[in-house]
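Residue-level structure breakdown
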Amino acid sequence: MRNRVREQRTLREMSQAELAAALGVSRQTVISIEGGRYLPSLPLAFAIARFFGLTVDKMFDPDEEEAGT
Amino acid sequence: MTAFIRPRLRKPLRIALAGTVFAAAWAFRGGGAWQLSVAMEVTVLVGAVTTYVRAGEDNDEGALTGSRADERQKLLSLRSRALGWNFAMVAAFIGVTAGVAVKAAWWWPFLVILAVTGFAYLLGLSNYGVAEEGTADDVDTGHQTRSRSTPDRA
């Protein structure tokens, strides 16, 4: 699962700590999500998408292989 | 119940309380055990203070210790607890098997641990909704099936 969290965050010139505070999670969790090591829960995924003014499917792109299933 | 206690203080207080009760048990035992009890209490208090300091650190361990973990950190903790539970069950099974094999008198505490962990697992399945699957939604698909089986008039 690829996501655009890092891209959107850097576009807004935000630090990981600032994004974490805005989402109510830890900085380590933002790092893990950006690195693709952690898939957020549905509520958090919606919160992230809403924060950046995007839809969840724009924010999180399933891999081509997963999309085909 | 612990809502009135600051999150950072909760785990250190739990450690201090549990450690103090255990140290008191040694003191209650009598004899020369009171010296061990005092040493134990000092160690527990040092441990509680160390836990309080670590709870202030900006990392996953600090968040868990400071009772301010987010969903990922709670998941980490849950997985670690599950691993610990698996190890306890395997160790208890080995203990009870070895105890029975050598005709030892100490086999039954292992059986108790095995039974408690097994019961806790079943309790978890019950509490977290395995038995609450609800009615299958075949009723809805029935409509779809009927419409498919209806001869096409076009």
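Quick look at the structure, then. Note that this is a predicted model, so its numbers are computed, not measured.

As for the nonpolar core
Here is a general trend for soluble globular proteins: nonpolar side chains tend to be buried in one another's company. All names here are of chain A. By size, the foremost hydrophobic cluster in this structure holds 16 residues, and its most contacted members are Val5, Leu19, Ile33, Ile48, Met59 and Phe60. Residue contributions to this core peak at five residues, all from helix H4 (residues 42-52). Those residues in contact with methionine 59 that lie beyond four places of it in its chain are Arg2, Asn3, Arg4, Val5, Gln8, Ile48, Ala49, Phe52 and Leu54.

Looking at H4 of chain A
Helical periodicity: at 3.6 residues per turn, an α-helix aligns residues three or four positions apart in one direction. Every buried residue of H4 of chain A is listed here: Leu44, Ala45, Ile48, Ala49 and Phe52 of chain A. Buried positions in H4 of chain A, seen along its axis, are confined to an arc of 135° and lie on one side of it. Those residues of H4 of chain A that are exposed and aimed more than 90 degrees away from the buried face are Leu42, Pro43 and Arg50 of chain A. Against the buried residues of H4 of chain A lie helix H1 (5-11), helix H2 (16-23), helix H3 (27-34), helix H5 (56-59) and strand E2 (60-61) of chain A together with helix H4 (71-101) of chain B. Trailing H4 of chain A by a residue or two, glycine 53 of chain A shows a phi angle of about 70°, which is positive.

Comments concerning the pattern of salt bridges
All names here are of chain A. Under the defined criterion, the tally for this structure stands at six salt bridges over all chains. Between glutamate 7 and arginine 4 there is a salt bridge, with the nearest N and O atoms lying 3.1 Å from each other. Bridged by salt links that share partners, the residues Arg6, Arg9 and Glu34 form one connected network.

How each quantity is defined
Counting restarts for each chain, with residues numbered from 1 along the sequence as it is written. Each chain is given a letter, starting from A, and each ligand a number, starting from 1, according to the order in which they appear as written. Residue-level local features of this predicted model are given only where pLDDT is at least 70; pairs of side-chain atoms are given and counted only at 80 or more, and the full residue set underlies all totals for whole chains, interfaces and linings. Excluded from the side-chain calculation are hydrogens and water; included are all heavy atoms of the structure. Residues enter a nonpolar core if they are buried and are Ala, Val, Leu, Ile, Met, Phe, Trp, Tyr or Cys, with the set joined through side-chain atoms within 4.5 Å. Exposure categories follow from relative accessible area, calculated using a 1.4 Å probe and restricted to protein chains: below 20% of the type maximum is buried, above 50% is exposed, and the middle band is partly exposed. Only DSSP runs of H or I reaching four residues or more are called helices, and only runs of E reaching two or more are called strands; each is numbered from the N terminus. The contact rule is simple, with two residues in contact once any of their heavy atoms fall within 4.5 Å. Each C-beta atom gives one direction from the helix axis, and the arc is the one those directions make. One side-chain nitrogen of Lys or Arg within 4 Å of one carboxyl oxygen of Asp or Glu is enough to make a salt bridge.

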